[in-house]
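Descriptive analysis of the structure
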Amino acid sequence: MLKGLAASEGIGIGTVMIIEDRILDYTPKTVTDTKAEIKRFNDTVDTFCEIAEKKVEALKITAGKKEADIIKGHIVMIRDPYLISETEKHISNGECAEEAFANICDMFESIILSSKDELTRLRAADIRDIKFRIMSLLLGVKEIRISEAPKGTVLVAKELTPSMTAGIVKENIEGIITETGGLASHSAILARALEIPAVLNVPNAVGTFKHGSPVIVDGKDGTIINCPDNKQIERYTKKKIDFLKVHKELEKFRGKRTVSADGKNFDLFCNIGKPDDIFRALYYDGEGIGLFRTEYLFMDVDSVPNEEEQFEAYKQAAVMLNGKPLTIRTLDIGGDKEVPCLKLKKEINPFMGLRAIRHSLKNRELFKSQLRAILRASAFGNIKIMFPLITCTEEIEEGKAVVEELKAELRDRKIDFDEDIKIGIMIETPSAAVAADILAKKVDFFSIGTNDLTGYTMCCDRENSDVSYLYSVFQPSVLRLIERTIRYAKDNNIPVGICGEAAADPMMIPLLISFGITEFSVSAPFVLKARRCISTWTKKKADAVAKQVMQLSTESEIREYLSSVISC
Ligand code: PEP
Ligand code: MG
């Protein structure tokens, strides 16, 4: 069993077709008739554009306008006057068209790859793609025709370029496996647009799989089974049927607003850890980001990201969301979240120690660099700031004072930011929930973090199997704290969301609707499921369930009752 990056959901069961890079060898030769060589190059560019135009039309039908625009972009790139004139200049100096064009493309590629912006770096694939096409035409090498792949094909390639995939016959391709590519790569975007299961970033995939051998691709968890046995084929065939059934049902909710059965609108956002996760959030139809866990930017790195690096990440996220809300939570470290680059002091009881907002307030420079980066990024989108693990008013006031100080500094420096940026807090400690009536007067919004709220309320660590039986959001005490938090938010006219895992729990959804929640923020794959579930409830029906639940006295009674009334 192999693992890769799960880039497009679904199960594919089929036969491997290896797409190998053809070697485009040429012997550089000096040309004397440079005029004729320039004409040969320009004719080739014209042919490339003609073929590309046809691919654009094909993609519009198979994958949609957005994907067709990728190939349209190639036409714009190849017609770039600088690229053309530089190639012509090299040819005028005696280089053959192949050598001249390859050198210019390599130069473009290295400029793109030196960019700090990951999205820009990903565009190097376009240059490689264009280079490959033009060189194939110049050398008269035949293109690989993925369009001729038979039914049940699983494509295995180093990298699938947009023009390779342009001719894909969706019905014939069971899956895609590549050696490179992230969630934002063309292979991933196209696979998702065509709804083909895809697993990317599988080292040495081309060398590992054999042309014509059977394979299973699970695009949901990134698993690949090379030469599966009958039992595995049977198991995955069932998984595939189930997936397709649920998928069909859920797809009806894509692109729709999140509305309850009695017409009340809700916001349905996603939780993310890195800007790249936004691709996933948008793919699953999230309406914005309700929780950006910024601590992930500080994990798996050798040094602490500076203000500039953070600014780039927050700005990238804001730009990608194109006006949709983005709630950025300041560093939530400590407890179970270790961040080696910050060299945190060892504590006897880290869950009760200097974590989250406490750490930020004690480490002002770090806090300020993060807030400055967020404020600067707020000029590029719809950003909100959220403080984690708040327990009392003083923490809010101190945090807000730092924001005010930085706003004044940025004004002096004439740097743009959103003057009205909203500041909210996580309600994830019993203290904050109990004092919600006081805290609601100090902030613009609440977001309930049921993961920590449950642990702190029940005084139990969910990873500790001896006490994990206590860890349940359906404990009467936890439900009372949630209900109270929402009630006080409503009394004070501030929006209240939920971003803990419970937000996507079908048993929790009617209770939240009844209590008056306004926003759900869930892991991306749960968006459509949550939207469907919310659509089945009216306030009246949810109130009846909540009333009954709040009269029960044990977690098991509550669970038992809820499972008897839940159908979504
Ligand atoms: C929570 O505690 O519910 C929450 C959303 O925060 P995290 O899971 O990041 O601690
Ligand atoms: Mg938390």
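Everything below is about the structure shown above.
A brief look at the structure comes next. (Residues numbered from 1 in each chain as written. Chains lettered and ligands numbered in written order. Predicted model: local features only at pLDDT ≥ 70, side-chain atom pairs only at ≥ 80, totals over all residues. Heavy atoms only, no water.)

**Points about the overall build of the protein chain**
Helices and strands together make up the secondary structure of the protein chain, namely 23 helices and 17 strands. For 568 residues, the compact-globule formula gives about 24 Å, and the C-alpha radius of gyration of the protein chain, at 27 Å, lands near that figure. Dimensions of the protein chain along its principal axes, counting C-alpha atoms only, are 90 × 65 × 45 Å. Within the protein chain, the fraction of its 568 residues that count as buried is 54%. Of all intrachain contacts in the protein chain linking residues separated by at least 6 positions in sequence, the fraction that spans at least 24 positions is 68%. The distance from the centre of the 79 positive side-chain charges to the centre of the 85 negative ones in the protein chain is 4 Å. (Helix = DSSP H or I, 4+ residues; strand = E, 2+ residues; numbered from the N terminus. Rg over C-alpha atoms; globule rule 2.2 N^0.38 Å. Buried < 20%, exposed > 50% of the residue type's maximum accessible area, 1.4 Å probe, protein only. Contact = heavy atoms within 4.5 Å. Lys, Arg positive; Asp, Glu negative; His and termini not counted. Charge placed at Lys NZ, Arg CZ, Asp CG, Glu CD.)

**Side note on the nonpolar core**
Generally speaking, nonpolar side chains in soluble globular proteins are found buried as a group. Counting 102 residues, the largest nonpolar core has Phe387, Phe446, Ile482, Leu511 and Phe520 as its most contacted members. Among the nonpolar cores identified, the runner-up in size contains 34 residues, and Val31, Ala68, Phe101 and Ile112 belong to it. (Core = buried A, V, L, I, M, F, W, Y, C linked by side-chain atoms within 4.5 Å.)

**What to know about the coordination of the magnesium ion (ligand 2)**
Within the protein, the atoms that donate to the magnesium ion (ligand 2) are Glu428 (OE) and Asp452 (OD), at distances of 2.1 Å. Within this pair, whereas Glu428 is found in the loop between strand S14 (422–427) and helix H16 (430–434), its partner Asp452 is found in helix H18 (residues 450–458), the two being separated by 24 residues in sequence. For the pair shown, Glu428 and Asp452 are each scored as buried. (Donors = N, O, S within 2.8 Å, 3.2 Å for Na, K, Ca; no water.)

**Considering the packing of helix H14 (residues 364–377) against helix H15 (residues 393–412)**
Interaxial distance between H14 and H15 falls to 10 Å at its minimum, and their mutual angle equals 60 degrees. Accordingly, the angle class assigned to the pair H14 and H15 is oblique. The two elements H14 and H15 cross, and the hand of that crossing is right-handed. From H14, Arg364, Phe367, Lys368, Leu371, Arg372, Leu375 and Arg376 reach across to H15, where they touch Glu398, Gly399, Val402, Val403, Glu405, Leu406, Lys407, Glu409 and Leu410. Counted by class, the contact of H14 with H15 contains seven nonpolar, one polar and eight charged residues. (Axes fitted to C-alpha atoms, helices over the stretch in contact; angles between N-to-C directions. Parallel < 35°, antiparallel > 145°, perpendicular 65-115°, else oblique. Left-handed = near helix turned anticlockwise from the far one by under 90°. Nonpolar A, V, L, I, M, F, W, Y, C, P; charged D, E, K, R; others polar.)

**So, the pairing of strand S15 (residues 445–448)**
The two faces of S15 match: Phe445 and Ser447 on one face and Phe446 and Ile448 on the other face are all buried. Of the pairings in the sheet, the one linking S14 to S15 comprises four bridges and is parallel in character. The residue bridging Gly424 from the neighbouring strand is Phe445, located in S15. In this sheet, strand S16 (residues 496–498) lies alongside S15 in parallel orientation, the contact comprising three bridges. (Pairing = 2+ DSSP bridges.)

**Thoughts on the packing of helix H10 (residues 230–251) against helix H21 (residues 527–535)**
One way to put it is that H10 packs onto H21 with a least axis distance of 9 Å and a crossing angle of 60 degrees. When the axes of H10 and H21 are compared, the pair comes out oblique. As for how H10 packs across H21, the hand of that crossing is left-handed. Of H21, the residues touching H10 (which contributes Glu249, Leu250 and Glu251) are Leu528, Lys529 and Arg532. Residues of the contact of H10 with H21, tallied by class, amount to two nonpolar, no polar and four charged.

**Considering the site of ligand 1**
Among the 13 residues in the neighbourhood of ligand 1, the closest are listed as Arg293, Arg329, Lys337, Gly449 and Asn451. Interatomic distance of 2.8 Å between a side-chain N/O atom of Arg329 and an oxygen atom of ligand 1. Separating an oxygen atom of ligand 1 from a backbone N or O atom of Gly449 is a distance of 3.3 Å. Here ligand 1 loses 94% of its free accessible area of 290 Å² to cover by the protein chains. At the level of elements, strand S11 (289–293) and H18 are the ones that each hand at least two residues to the shell around ligand 1. A per-element tally of the shell around ligand 1 places H18 first, with three residues. Looking at the shell around ligand 1 residue by residue, the classes come out as three nonpolar, four polar and six charged. (Near = heavy atom within 4 Å. Polar contact = N/O pair within 3.5 Å; in protein donor to acceptor, adjacent residues only side chain to side chain. Areas by Shrake-Rupley, 256 points an atom, 1.4 Å probe, with all protein chains shown as cover.)

**Notes on H21**
Buried within H21 we find Val527, Leu528, Ala530, Arg531, Cys533 and Ile534. Buried residues along H21 sit in contact with H10, strand S9 (258–259), strand S10 (265–272), helix H20 (509–515) and strand S17 (519–522).

**Brief notes about helix H12 (residues 307–321)**
For H12, spanning 15 residues, the distance from its first C-alpha to its last is 21 Å, which sits close to the expected 21 Å at 1.5 Å a residue. When we look at burial in H12, the residues that qualify are Glu307, Gln310, Phe311, Ala313, Tyr314, Gln316, Ala317, Ala318, Met320 and Leu321. Among the structural elements, helix H5 (118–122), helix H11 (277–283), S11, strand S12 (325–329), H14 and strand S13 (382–387) are those in contact with the buried residues of H12. Its side-chain oxygen 3.1 Å from the backbone nitrogen of Glu308, Asn306 forms the N-cap of H12. (Expected span 1.5 Å × (residues − 1).)

**Description of the environment of Glu57**
Looking at the secondary structure, you find Glu57 in helix H1 (residues 34–62). When the C-alpha atoms of Glu57 and Lys72 are compared, they prove to be 9.8 Å apart, with 15 residues separating the residues in sequence.

**With respect to a nonpolar patch on the surface**
Residues Tyr82, Met107 and Ile111 make up a contiguous nonpolar surface patch of about 290 Å² in total accessible area. Within the element layout of this structure, Ile111 appears in helix H4 (residues 97–113). (Patch = residues over 30% accessible without salt bridge, like charges linked within 9 Å, V, L, I, M, F, W, Y side chains within 5 Å. Salt bridge = Lys/Arg side-chain N within 4 Å of Asp/Glu carboxyl O.)

**Points about the pattern of salt bridges**
Pairs can form between side chains of opposite charge once their charged atoms are near each other. Across all of its chains, the model carries 40 salt bridges by this definition. Across the salt bridge formed by Glu37 and Arg40, the nearest N and O atoms sit 2.9 Å from each other. Taken together, the positions of Glu37 and Arg40, both in helix H1 and three residues apart, correspond to about one turn of that helix. Its relative accessible area of 28% is what places Arg40 among the partly exposed residues. The closest approach of N and O atoms between Glu555 and Arg559, which form a salt bridge, is 2.8 Å. On the criterion of helical spacing, the pair formed by Glu555 and Arg559 is a turn pair, its members being four residues apart in helix H23 (residues 555–565). Each member of the salt-bridge network shares a partner with another, and the members are Glu295, Arg329, Asp332, Lys337, Arg355 and Asp452.

**As for the sheet that holds strand S2 (residues 5–8)**
With respect to topology, eight strands assemble into an open sheet ordered S1-S8-S7-S3-S4-S5-S6-S2, the strand pairing being mixed. Every interior strand has two partners, whereas the edge strands, strand S1 (2–3) and S2, have only one. In this structure, S2 lies alongside strand S6 (residues 198–200), joined through three bridges in antiparallel fashion. Within the sheet, the bridge partner assigned to Leu5 lies in S6 and is Leu200. Sitting on the sheet, helix H8 (residues 186–194) touches S2, strand S5 (173–178) and S6, and the angle it makes with S2 is about 50 degrees.

**Considering the packing of aromatic side chains**
Enumeration over the complete set of coordinates arrives at seven aromatic pairs. The positively charged end of Arg254 is found above the aromatic ring belonging to Tyr283, 5.4 Å away from the centroid. In this structure, Arg376 packs its charged tip against the face of Phe311, placed 4.0 Å from the ring centre. (Phe/Tyr/Trp six-rings, centres within 6.5 Å; stacked < 30°, edge-to-face > 60°. Lys NZ or Arg CZ within 6 Å of the ring centre and 35° of its normal.)

As far as function goes, none of this settles anything; it's purely spatial.
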